[in-house]
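# Coordinate analysis (summary)
Here's the letter readout for the chains.
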Amino acid sequence: MQSVIDRFIRYIQIDTQSIHKSDSYPSTAKQLDLARLLVDELKDLGLEDAAMDKYGYVTATLPANSNKQGLPVVGFLAHMDTSPDLSGADVNPQFIEDYDGGRVVLNAEKGISMSPEEFPDLKKYIGKTLITTDGTTLLGADDKAGVAEIMAAVEYLLEHPEIQHGTLKIGFTPDEEVGSGVDHFDVEAFGADFAYTVDGGEVGEVQYENFNAAGAELTIHGRNVHPGKSKLKMRNALIIGMELNDLLPVFERPEFTENYEGFYHLYQFGGTVEQASMTYIIRDHDREKFETKKALLGEAVDYINAKYGDQIIDVKIKDQYYNMREQVELHPEIIEIAIQAIQAVGLTPIIDPVRGGTDGSRLSYMGLPTPNVFTGGHYGHGKYEFIPTFAMEKAVEVLVKIAELVAEG
Ligand SMILES: [Zn+2]
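Residues numbered from 1 in each chain as written. Predicted model: local features only at pLDDT ≥ 70, side-chain atom pairs only at ≥ 80, totals over all residues. Heavy atoms only, no water.

### Observations regarding the pattern of salt bridges
- According to the stated counting rule, one finds 19 salt bridges in the structure shown.
- Across the salt bridge formed by Glu41 and Arg7, the nearest N and O atoms sit 2.9 Å from each other. Placement of the pair is Glu41 in helix H2 (residues 31–45) and Arg7 in helix H1 (residues 4–12), with a sequence separation of 34 residues. Across this residue pair, the class does not change: Glu41 and Arg7 are buried.
- With a shortest N-O distance of 3.4 Å, Glu397 and Lys394 are connected by a salt bridge. Highlighted residues: Glu397 and Lys394, both in helix H10 (residues 389–408), separated by three residues, approximately one helical turn. (Salt bridge = Lys/Arg side-chain N within 4 Å of Asp/Glu carboxyl O. Helix = DSSP H or I, 4+ residues; strand = E, 2+ residues; numbered from the N terminus. Buried < 20%, exposed > 50% of the residue type's maximum accessible area, 1.4 Å probe, protein only.)

Printed below as a string of C-alpha cells:
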C-alpha cells in the first residue's frame, strides 16, 4: 500500500490555488491537473467509474463487498483547491522528526520560524513527526490531506476485503476556498445517503455546526464640493461609512469573538468623497441571532438615510450558507458513527463548531447531510500550516472504521 504520506507529498506538488472573481468554473484551470491525476489513480485502484465532469468534480464508486441489503450509501468528500491567500506553487515540505517542543525553523535563510508560544497547537505534538512548509508557501494540507486520506482509505479497504462495507462514493471538489465548491455538484447523481467532508483540523475533530453566513454590499453616495466652499454642503461618503460602522456593536467583530460568538466583519472599505463602498460578512451559528444581526445592519442604514433625509446608502444583503446543524441533527446517527469511529481508533472526539463554512454546509441543505471530520492539519491558508504524520494515518483509520460501522448497521 502507498502510504497516505506519500500520496499527500505527491498531491501538494501540484499547484491548485483557486481565485476569487473568476469567469470560469473552476476558477483556475490548474485545479484540473490534480483532478486528472486523481481519476487516473482511482482507476488504477480499480474504481472503474472514476471520472471528472465538465466542472472538474471527480467522483468514483467503491462497490459494496457486504451482501447485506439496504445499507446506506456513504460519501467521502474533500476539496482539491488551496486558498487564494498564499501561493501553493513549488511547495517544499519539511519533515520535522521527533519534534522537541521548541521553535520550528521553517526557513533559516529567510529567518522564518514558528514558536510554540505563538502557535500553541505545536505543543500537542512533541515527539511526533511534523510536515511543515519552507516558509514561502502554504502547505496545502487544507485540503490535500483530506484527499490523500480518502484515497488511502479506499486503497486500504480494497486490500482488506475481510472488512465488510456498503457502497462508498468518493467526491473531490474544486473551488471550496472561494465559496463555490458545490455550485454545480449534482447531489442526486452522486447518490449518497449521507457524507463526510474530510476537511477539519486537529486529530479527533468532528464538526456538524457552522456559521449562518451572509454578505452585505453597501454603496454610499456622497456629495463632493470644493472643500474651501463646502460648509453644510459636502457629504463625505468616507465619513458617512465610518459613521455607519460606528453604529454596529464594537465587540461583535472577528477580533473580539470566539466559539459560538458571531460577528460583523468589515473587510473592504474604499472610495472617494463622492462615492464609497463597504463590504461586510455577517456570521452567527444561531439562526435567530443571525437574522437579528442582518436586521440591525438594515436599521443602521435606515437611520443614516433618515438622518440625512436622502437615500445616501444602498445596501444589498445576501445569505451565503446556513448552519448545517439544522439538517444534520435530523440524522443523529451520522454524528454518532463518526464519534464511534474516532473512539474506536483510540482517539478522543473533539466536537466543536466550525467558525466558517465547509462544502458540507451547503450540501446539507441540498439534501446530503454532510458533517466534517478532521484531516489533522493546523493553521491552514498560510505559511505556518503544518500537519503531524500520525494524524493523517489516524484519519485514514477513522474513514475505514466509518465504512465498517455503517455496514454493521
Ligand atoms: Zn478546507
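### A look at the nonpolar core
- Ranked by internal contacts, the top residues of the largest apolar core, which has 80 residues, are Phe8, Phe76, Ile150, Phe172 and Tyr196.
- Here this core gets eleven residues from one element, more than from any other, and that element is H10.
- When near neighbours in sequence (up to four residues on either side) are disregarded, Phe76 contacts Ile150, Leu168, Lys169, Ile170, Gly171, Tyr196, Leu399 and Ile402. (Core = buried A, V, L, I, M, F, W, Y, C linked by side-chain atoms within 4.5 Å. Contact = heavy atoms within 4.5 Å.)

### Observations concerning unusual backbone geometry
- Across the junction of Tyr25 and Pro26, the peptide omega takes the value -5 degrees, indicating a cis bond.
- Structurally, Pro26 is set in the loop between H1 and H2.
- For the bond running from Asp142 to Asp143, omega is 10 degrees, close enough to zero to count as cis.
- One non-glycine residue, Asn259, lies in positive phi territory at about 50 degrees.
- Summarising the element assignment, Asn259 is placed in the loop between helix H5 (237–246) and strand E12 (263–271).

### Things to note about the pairing of strand E8 (residues 168–173)
- Of all six residues in E8, six are buried; the element is thus mostly enclosed.
- Taking every second residue as pointing to the same face, both faces of E8 are buried, with Leu168, Ile170 and Phe172 on one and Lys169, Gly171 and Thr173 on the other.
- The pairing of strand E3 (residues 74–79) with E8 spans six bridges and is parallel. The residue of E8 that forms the bridge with Ala78 is Phe172. (Pairing = 2+ DSSP bridges.)

### Quick notes on the coordination of the zinc ion
- At this site the zinc ion is bound by His79 (NE2), Asp142 (OD), Asp199 (OD) and Asp199 (OD), with donor distances of 1.9 to 2.7 Å.
- Each of the four donor atoms bound to the zinc ion contributes to angles spanning 51 to 147 degrees, and the resulting shape is irregular.
- Read from N- to C-terminus, the donor residues coordinating the zinc ion fall into the pattern H-x62-D-x56-D. Within this pair, whereas His79 is found in strand E3, its partner Asp142 is found in helix H3 (residues 141–159), the two being separated by 63 residues in sequence. (Donors = N, O, S within 2.8 Å, 3.2 Å for Na, K, Ca; no water. Tetrahedral: all angles 85-135°; square planar, octahedral: opposite > 155°, others 65-115°.)

That's the geometry; what it means functionally is another story.
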